[in-house]
Amino acid sequence: MKILIVCLGNICRSPLAHGILQHLANQENLGWTVHSAGTGNWHVGNPPDRRSVLAARNLGYDIGAQRARHFNISFFEEYDHILVMDRNNFADVLQLAKTQEHQDKVKLFLIDDEVIDPYYDNDLFDPVSRQVELRCKELIKELRK
Ligand code: 4NP
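Sequence positions are assigned chain by chain, starting from 1 and proceeding in written order. Where totals are concerned, whole chains, interfaces and linings use all residues; where local detail is concerned, this predicted model gives features only for residues with pLDDT of at least 70, and gives and counts side-chain atom pairs only at 80 or more. Note: side-chain values were computed over all heavy atoms of the structure, leaving out hydrogens and water.

A.B. asks: Sorry, what's going on with the site of the ligand here?
C.D. replies: Being near a molecule or strand, for a residue, comes down to having at least one heavy atom within 4 Å of it. Cys 7, Leu 8, Gly 9, Asn 10, Ile 11, Cys 12, Arg 13, His 43, Asp 117, Tyr 119 and Tyr 120 make up every residue found near the ligand. Polar contacts, as counted here, are pairs of nitrogen or oxygen atoms within 3.5 Å of one another; within protein the pair requires one atom able to donate a hydrogen and one able to accept it, and residues that are adjacent in sequence qualify only if both atoms are side-chain atoms. Here an oxygen atom of the ligand and a backbone polar atom of Leu 8 are 2.9 Å apart. Within the contact set of the ligand, an oxygen atom lies 2.8 Å away from a backbone nitrogen or oxygen of Gly 9. Each accessible area is a Shrake-Rupley result for a 1.4 Å probe, and residues are judged covered by the shown protein chains and nothing else. For the ligand, whose accessible area on its own is 350 Å², the fraction buried by protein is 90%. In this analysis the probe radius is 1.4 Å and the grid spacing 1 Å, with only protein atoms considered; a cavity is a set of points the probe fits into but cannot get out of, a pocket is an open set with protein on both sides within 12 Å along at least five of seven lines, and lining residues have an atom within 4 Å of a point. In this scheme, a molecule is assigned to a cavity or pocket if more than half of its atoms are within 2 Å of the grid points. Judged by its atoms lying within 2 Å of the grid points, the ligand is housed in the largest pocket. Class assignment of the residues belonging to the shell around the ligand gives a composition of six nonpolar, three polar and two charged. Only Asp, Glu, Lys and Arg are considered charged in this grouping, and only Ala, Val, Leu, Ile, Met, Phe, Trp, Tyr, Cys and Pro are considered nonpolar; every other residue, Gly among them, is considered polar.

Spelled out as structure tokens, the structure:
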């Protein structure tokens, strides 16, 4: 199974979910591939924000090797699930979907809720990371069924 996590910049939120979900899936030998991308292209090729790298490290995950990518419409074919961090991401991605099948792959990462963008508030990185980790653990159970 291939899972794509999407946020705006692909340097704060989605790298956390990408790294944590891939790590947990590997631990369970699920054979999943997890990637991430941003709806914006400003940070393409850059590593995750150092505050996300640090927050992930505090929880025992290494996300430092990731590099930001821009969402591309070919990803609708490539991935089985496209999980987005907030409703703006949802609208931006859905707008690019050309078929019902592609639209159906797009869901909020949280259940009917958004992951707050921590970019402008240093204090949000640790709570966001813990929230993302909790949801990743749930997703392992939900999606392996
Ligand atoms: P992300 O956070 O979408 O969680 O990666 C952001 C990163 C960068 C910007 C906005 C949000 N930015 O405006 O550059």
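A.B. asks: It is not clear to me how empty space enclosed by the protein should be interpreted in this structure. Could you clarify?
C.D. replies: It is a probe the size of a water molecule, rolled over the atoms, that shows where empty space is left. Grid points are joined across faces, edges and corners, and a volume is the space filled by probe spheres set on the points. Tallied over the entire structure, the rule returns one cavity of 30 Å³ or more. A volume near 30 Å³ is recorded for the largest cavity. Its residues assigned to classes, the lining of the largest cavity comprises four nonpolar, four polar and one charged.

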